Amino acid sequence: MVLTLASALVVLLTKNVLYAAFSLLGTFLGVSALYVLAGADFLAVAQILVYVGGVLVLLIFGVMLTNQQGNKSRGRNDITTESSNRVLGVFVMLGFSATLLYTFGRARFLTIQDSLFEALEPTSTTQTIGVELMTNYVLPFEVSGILLMAVLIGAAYLSTKTKN
């Protein structure tokens, strides 16, 4: 948890975009580890596949393939941000943190006694989600797949140079 928070702070405070992207990798992996510790193994794998495998790789390729020359005044080719909204970012983070702490403070979590906890066996949520997706929720699953395919075809069409 400490590594997750530390890498999130690096994302917030660094001006180098590439360092922020690699720190975001640590944040995503840390959140995935927290999902594993919470017993949500499907969410942990989905976090790694979607965010680390998709969003973060796209962000790193976007940073590396830009034609910016970087900061040549210091003899380096770093891509840095010109943003000066750190104070606003810290205030937003403090507001979200206060809201989260207030919510956790007011929540009434159920406690499980030790004898009851020993009787429970850990189960995988992946099998349950897979069975539900392929039985009760197969129509919304297939419709969302068709919709995503239509979006992909539309994006490929819009990105072509010659339009017919």
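Everything in this summary refers to the structure shown in the same document. What you see is a predicted model, and the numbers here were worked out from it, not measured in a lab.

### Let's talk about the layout of surface pockets
Turning to step 1, where the next piece is worked out: Space inside the largest pocket adds up to approximately 590 Å³.
Turning to step 2, where the next piece is worked out: Going through the elements one at a time, helix H1 (2–13), helix H2 (17–37) and helix H4 (86–106) are the ones with two or more residues in the lining of the largest pocket.
Turning to step 3, where the next piece is worked out: Broken down by element, the lining of the largest pocket gets its largest block of residues, eight residues, from H4.
Turning to step 4, where the next piece is worked out: Looking at the lining of the largest pocket, its residues break down into 13 nonpolar, three polar and no charged.

### Structural notes on the packing of H2 against helix H3 (residues 41–64)
Turning to step 1, where the next piece is worked out: Relative to each other, H2 and H3 sit at 175°, their axes nearing to 9 Å. In terms of axis orientation, H2 runs roughly antiparallel to H3. Packed against H2, whose contacting residues are Val17, Leu18, Ala21, Phe22, Leu24, Leu25, Phe28, Leu29, Val31, Ser32, Tyr35 and Val36, the element H3 presents Leu43, Ala44, Gln47, Ile48, Tyr51, Val52, Leu56, Leu59, Ile60, Val63 and Met64 at the interface.
Turning to step 2, where the next piece is worked out: Residues of the contact of H2 with H3, tallied by class, amount to 21 nonpolar, two polar and no charged.

### As for the side chain of serine 32
Turning to step 1, where the next piece is worked out: One can find serine 32 in helix H2.
Turning to step 2, where the next piece is worked out: A polar contact is formed between the side chain of serine 32 and the backbone oxygen of alanine 44, at a distance of 3.1 Å.

### Some thoughts on the nonpolar core
Soluble globular proteins tend to pack their nonpolar side chains together in the buried interior.
Turning to step 1, where the next piece is worked out: One finds Ala21, Phe28, Val52, Leu56 and Ile60 forming the largest nonpolar core, which totals five residues.
Turning to step 2, where the next piece is worked out: At three residues, H3 tops the list of elements feeding residues into this core.
Turning to step 3, where the next piece is worked out: Apart from the residues lying within four places of it in its own chain, the contact partners of leucine 56 are Ala21, Leu24, Leu25, Phe28 and Tyr51.

### Some points on the packing of aromatic side chains
Turning to step 1, where the next piece is worked out: For the coordinates displayed, the defined rule picks out one aromatic pair.
Turning to step 2, where the next piece is worked out: With a centroid separation of 5.2 Å and an interplanar angle of 40°, the aromatic rings of phenylalanine 28 and tyrosine 51 are classed as tilted. Remark: tyrosine 51 occurs in helix H3 and phenylalanine 28 occurs in helix H2; sequence separation between them is 23 residues.
Turning to step 3, where the next piece is worked out: Residue classification places phenylalanine 28 among the buried positions, given a relative accessible area of 14%.
Turning to step 4, where the next piece is worked out: Looking at tyrosine 51, the relative accessible area reads 38%, which means it is partly exposed.

### Focus: the packing of H1 against H2
Turning to step 1, where the next piece is worked out: In the contact formed by H1 and H2, the axes pass within 8 Å of each other and the chain directions differ by 150°. Between H1 and H2, the crossing angle belongs to the class labelled roughly antiparallel. Between H1 and H2 lies a crossing whose hand is left-handed. Packed against H1, whose contacting residues are Thr4, Ser7, Ala8, Val10 and Val11, the element H2 presents Ala20, Ser23, Leu24, Gly26, Thr27, Gly30 and Val31 at the interface.
Turning to step 2, where the next piece is worked out: Class assignment for the residues of the contact of H1 with H2 results in six nonpolar, six polar and no charged.

### Details of the environment of glycine 30
Turning to step 1, where the next piece is worked out: Within the fold, glycine 30 resides in helix H2.
Turning to step 2, where the next piece is worked out: For glycine 30 and alanine 8, which are 22 residues apart along the polypeptide, the C-alpha to C-alpha distance reads 9.7 Å.

Rules and cut-offs
Residues numbered from 1 in each chain as written. Predicted model: local features only at pLDDT ≥ 70, side-chain atom pairs only at ≥ 80, totals over all residues. Heavy atoms only, no water. 1 Å grid on protein atoms, 1.4 Å probe; cavity = no way out; pocket = protein on both sides within 12 Å on 5 of 7 lines; lining within 4 Å. Points joined across faces, edges and corners; volume = space filled by probe spheres on them. Helix = DSSP H or I, 4+ residues; strand = E, 2+ residues; numbered from the N terminus. Nonpolar A, V, L, I, M, F, W, Y, C, P; charged D, E, K, R; others polar. Axes fitted to C-alpha atoms, helices over the stretch in contact; angles between N-to-C directions. Parallel < 35°, antiparallel > 145°, perpendicular 65-115°, else oblique. Contact = heavy atoms within 4.5 Å. Polar contact = N/O pair within 3.5 Å; in protein donor to acceptor, adjacent residues only side chain to side chain. Core = buried A, V, L, I, M, F, W, Y, C linked by side-chain atoms within 4.5 Å. Buried < 20%, exposed > 50% of the residue type's maximum accessible area, 1.4 Å probe, protein only. Phe/Tyr/Trp six-rings, centres within 6.5 Å; stacked < 30°, edge-to-face > 60°. Left-handed = near helix turned anticlockwise from the far one by under 90°.

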